[in-house]
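Okay, here's what each chain looks like letter by letter:
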Amino acid sequence: MAKYIFVAGGVMSGIGKGVAVASIGKILKSKGFKVTAVKIDPYINVDAGTMNPIEHGEVFVTQDGDECDQDIGNYERFLDVDLTRTNYITTGRVYQAVINRERNLEYNGKCVEVVPDIPNEAIFRIKKAAKKDKADFVLIEIGGTVGEYQNMLFLEAARMLRLEKPKDVLFVMVSFLPIPSMTGEMKTKPTQTAVRTLNGAGIQPDIILARSMVPLDEPRKRKISIFCNVAKEDVISAPDVKTIYEVPLNFENDNLGNRILKKFNLKSRKSNLNDWNKIIRMIRTLRTPVKIGIVGKYFETGDFTLMDSYISVLEAIKHAAWFSKRKPEITWLSSEKYERNPSAVKELKDFDGIIVPGGFGKRGVEGKIKAIEFCRKQKIPYLGLCFGLQLAVIEFARHVCGLKGAASTEFDPKTPYPVIDLMMEQKALLKEKRYGGTMRLGDYKCELRPGTLSSKAYGKEKYILERHRHRYEVNNAFREKLEEKGLKIAGINPEADLVEIIEIPGHPFFVASQFHPEFKSRPLRPHPLFREFIKVAANRRK
Ligand code: GLN
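Residues numbered from 1 in each chain as written. Predicted model: local features only at pLDDT ≥ 70, side-chain atom pairs only at ≥ 80, totals over all residues. Heavy atoms only, no water.

On to the site of the ligand. Around the ligand, a shell composed of Gly-358, Gly-359, Phe-360, Cys-386, Phe-387, Gln-390, Glu-410, Arg-469, His-470, Arg-471, Tyr-472 and His-516 is seen. One of the side-chain N or O atoms of Gln-390 is found 3.0 Å from an oxygen atom in the ligand. Between the ligand and Glu-410, the relevant distance is 2.7 Å, taken from a nitrogen atom to a side-chain nitrogen or oxygen of the residue. The protein chains hide 98% of the 290 Å² of surface that the ligand would expose on its own. Counting only elements with at least two residues in the shell around the ligand, the list comes to helix H16 (387–399) and strand S17 (463–470). Of the residues in the shell around the ligand, the class split is four nonpolar, five polar and three charged. (Near = heavy atom within 4 Å. Polar contact = N/O pair within 3.5 Å; in protein donor to acceptor, adjacent residues only side chain to side chain. Areas by Shrake-Rupley, 256 points an atom, 1.4 Å probe, with all protein chains shown as cover. Helix = DSSP H or I, 4+ residues; strand = E, 2+ residues; numbered from the N terminus. Nonpolar A, V, L, I, M, F, W, Y, C, P; charged D, E, K, R; others polar.)

This paragraph deals with the side chain of Ser-237. Summarising the element assignment, Ser-237 is placed in strand S9 (residues 235–239). Residue Ser-237 is classed as buried on the basis of its relative accessible area, which comes to 8%. Engagement of the side chain of Ser-237 in a polar contact is seen with the backbone nitrogen of Leu-216, the distance being 2.9 Å. Setting aside chain neighbours within four positions, we find Ser-237 in contact with Ala-210, Pro-215, Leu-216, Phe-251 and Asp-254. (Buried < 20%, exposed > 50% of the residue type's maximum accessible area, 1.4 Å probe, protein only. Contact = heavy atoms within 4.5 Å.)

Burial of nonpolar side chains together is a common tendency in soluble globular proteins. Membership of the largest hydrophobic core comes to 51 residues, with the highest contact counts inside it found for Ile-5, Ile-24, Leu-209, Phe-251 and Ile-260. Ranked by residue count, the leading element in this core is helix H1 (residues 17–30), at seven residues. Apart from the residues within four sequence positions on either side, Leu-209 is in contact with Ala-20, Ile-24, Val-172, Met-173, Val-174, Ser-175, Ile-236, Phe-251 and Leu-256. (Core = buried A, V, L, I, M, F, W, Y, C linked by side-chain atoms within 4.5 Å.)

Let's shift gears to unusual backbone geometry. Looking along the chain, the bond that leaves Val-115 and enters Pro-116 is cis, with omega of 10°. Position of Pro-116 among the secondary structure elements: in helix H5 (residues 114–132). Non-glycine residue Asp-80 carries a positive phi angle of around 55°. Inspection of the secondary structure puts Asp-80 in the loop between helix H3 (70–79) and strand S5 (88–90). One non-glycine residue, Cys-386, lies in the positive phi region at around 65°. On the secondary structure map, Cys-386 appears in the loop between strand S13 (382–385) and H16.

This brings us to the packing of H5 against helix H6 (residues 152–164). Taken N-terminus to C-terminus, the directions of H5 and H6 make an angle of 70°; their axes are 8 Å apart at the nearest point. Classified by the angle between their axes, H5 and H6 sit roughly perpendicular to one another. Only Leu-153, Phe-154, Glu-156, Ala-157, Met-160, Leu-161 and Glu-164 of H6 make contact with H5, whose side of the interface consists of Val-114, Val-115, Pro-116, Ile-118, Pro-119, Asn-120, Ala-122, Ile-123 and Lys-127. For the contact of H5 with H6, the per-class residue count stands at twelve nonpolar, one polar and three charged. (Axes fitted to C-alpha atoms, helices over the stretch in contact; angles between N-to-C directions. Parallel < 35°, antiparallel > 145°, perpendicular 65-115°, else oblique.)

Taken N-terminus to C-terminus, the directions of H1 and H3 make an angle of 25°; their axes are 9 Å apart at the nearest point. In terms of axis orientation, H1 runs roughly parallel to H3. The handedness of the crossing between H1 and H3 comes out as right-handed. Residues Gly-18, Val-19, Val-21, Ala-22, Ser-23, Gly-25, Lys-26 and Lys-29 of H1 pack against Asp-71, Asn-74, Tyr-75, Phe-78 and Leu-79 of H3. (Left-handed = near helix turned anticlockwise from the far one by under 90°.)

Bringing the sheet that holds strand S6 (residues 137–145) into the picture now. Read from one edge of the open sheet, seven strands run S5-S2-S6-S1-S7-S8-S9, paired in parallel fashion. Each end of this open sheet is capped by a strand with a single partner; those strands are S5 and S9. Within the sheet, the average angular offset between the axes of one strand and its neighbour, ignoring direction, is 20°. As judged from the three bridges shared by strand S2 (residues 35–41) and S5, these two strands associate in the parallel manner. Across the sheet, residue Lys-39 finds its bridge partner in S5, namely Tyr-88. The strands touched by H3 are S2, S5 and S6; relative to S2, the strand with the most contacts, the crossing angle is about 170°. Helix-sheet contacts for helix H7 (residues 189–200) involve strand S7 (169–176) and strand S8 (207–212), and the interaxial angle to S7 is about 145°. (Pairing = 2+ DSSP bridges.)

On to the sheet that holds S13. Pairing within the open sheet is mixed, and its nine strands lie in the order S11-S10-S12-S13-S21-S20-S19-S16-S17. Two strands lie at the open edges of the sheet, namely strand S11 (327–334) and S17, each paired on one side alone. Direction aside, neighbouring strands of the sheet carry axes that sit 25° apart on average.

To continue, consider the environment of Glu-164. By the secondary structure assignment, Glu-164 is in helix H6. On the basis of relative accessibility, which here comes to 46%, the residue Glu-164 falls in the partly exposed class. Within the local environment of Glu-164, its side chain forms a polar contact with the side chain of Lys-127, the two groups lying 2.8 Å apart.

What follows concerns the packing of aromatic side chains. Inspection of the entire model under this criterion finds 13 aromatic pairs. Taking 5.0 Å as the distance between ring centres and 90° as the angle between the ring planes, the aromatic pair formed by Phe-33 and Phe-137 counts as edge-to-face. Residue Phe-33 is found in the loop between H1 and S2, and its partner Phe-137 is found in strand S6; the two are separated by 104 residues along the sequence. By relative accessible area, Phe-33 is classed as buried at 12%. Residue classification places Phe-137 among the buried residues on the basis of a relative accessible area of 1%. On the numbers, 6.4 Å between centres and 85° between planes, the contact of Tyr-417 with Phe-478 is edge-to-face. Of this pair, Tyr-417 sits in the loop between strand S14 (407–408) and strand S15 (418–422) while Phe-478 is found in the loop between strand S18 (472–474) and helix H19 (479–484), placing the two residues 61 residues apart along the sequence. For Phe-478, a relative accessible area of 14% gives the class buried. One aromatic cluster in this structure is built from Phe-78, Tyr-245, Trp-276 and Trp-322. The ring centre of Phe-33 lies 3.9 Å from the NZ or CZ of Arg-269, which sits over that ring. The aromatic ring of Tyr-444 is capped on one face by Arg-440, whose charged end is 4.2 Å from the ring centroid. (Phe/Tyr/Trp six-rings, centres within 6.5 Å; stacked < 30°, edge-to-face > 60°. Lys NZ or Arg CZ within 6 Å of the ring centre and 35° of its normal.)

Structure below.
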């Protein structure tokens, strides 16, 4: 029988609740349990595909093509599992399901009410995920912070499930303890208030994870214990860390795993975090950097949220850098700068490798193309991800094939050479304004062409599965011309005959994929394309 652990946030958001959830999962998994996780996003949006990544963070894509919250990516990386759309719940999904059921007369003429019907649907979905993943433990992260109207109904779901299964449900609150500069003292009051608010929803946390800049001291633990009504041993210190992969190790220092087991009346078990311990220790010794530049558009909201919109790319770079025993040094480069001042592109020489990641729309495109041209000519290792492939093809078409004005119809509908164009079925969808969840999403097969860099990177595999999120494609009408001039098509989707990977032979590393390899990278198992890219980049300075 599955055990359910609900995790809610107190005081404020953005304090690493997703990583905390993933870390609890990692610990339980290392004790030999089967663990899965569910993210509840309290938005009316049915999925994250229609949310602005600058506001909401990266849109992560699962193997079955769900456009979901970036925390699903954290869960996959920490738990080393592949999740599906069942693991992602939004307010939109819950209401949509209830309303559909009502329309189908499935409530048998009963009044359908927000409570209990909405929480019941949430519970139904949580149980479904537990069953699908055959989980001993299900971690359920409730997005937002306690006290918001938005997630009330999900707290209600948590309360109702506890009522139904008192022995199988646990509540964890991830809280924040500020250290205001005027006092220099860590304050517990906001946490106390957050717990009271949670109490108001009928929930008493069993465990409090106390996020702060530094570890909690005894007096603080005692205070939280008394005022928040939890045992002192259940106040777990969660200080800032250099890499998020340290978090499970920190939690285990406070014996979190066995505290959880004890609450469920389960016997203590030893956790085995040896491989993570080893890599964390190794990371601390790294001195030689590998300098990677990511060329993207400039976002007004500041670097923090911007970096969040590409979290899987950043993590994939780190995993690959650690594999090559290099310290990853990642710099965000504004492509618009290269439009205003084309000679600024020379700064790319200072990097060991350049990435153009996924993207949409016109802004900054010409600057990205300039950057790609520079990498191609100056033989700087280049990895293109989705949009980064499309723009590389455009650059090649313009400057090698002589197709002046070649472009994608996404940002230049009147281009004389639409080397990147909408897929056939996409045209119909857009005409009907059916935007949500209709891109080419999730796993599609790619057949690797032998003898290419990509095929070597993947090793023995001839067919690979990679995750997609795009509407536009390399236009097959131009394929011959591109290949004639030396562009190598290193991978195709055999069913639809679509270009999946391109390479430029004779360049130390110029590889771009229509799919998003970053979604499948894991801390101890870097993605083959990132791994090879970083290997070549790391050797560049020798
Ligand atoms: N905008 C491009 C497309 O829709 C690329 C998408 C992406 O980079 N994820 O095809």
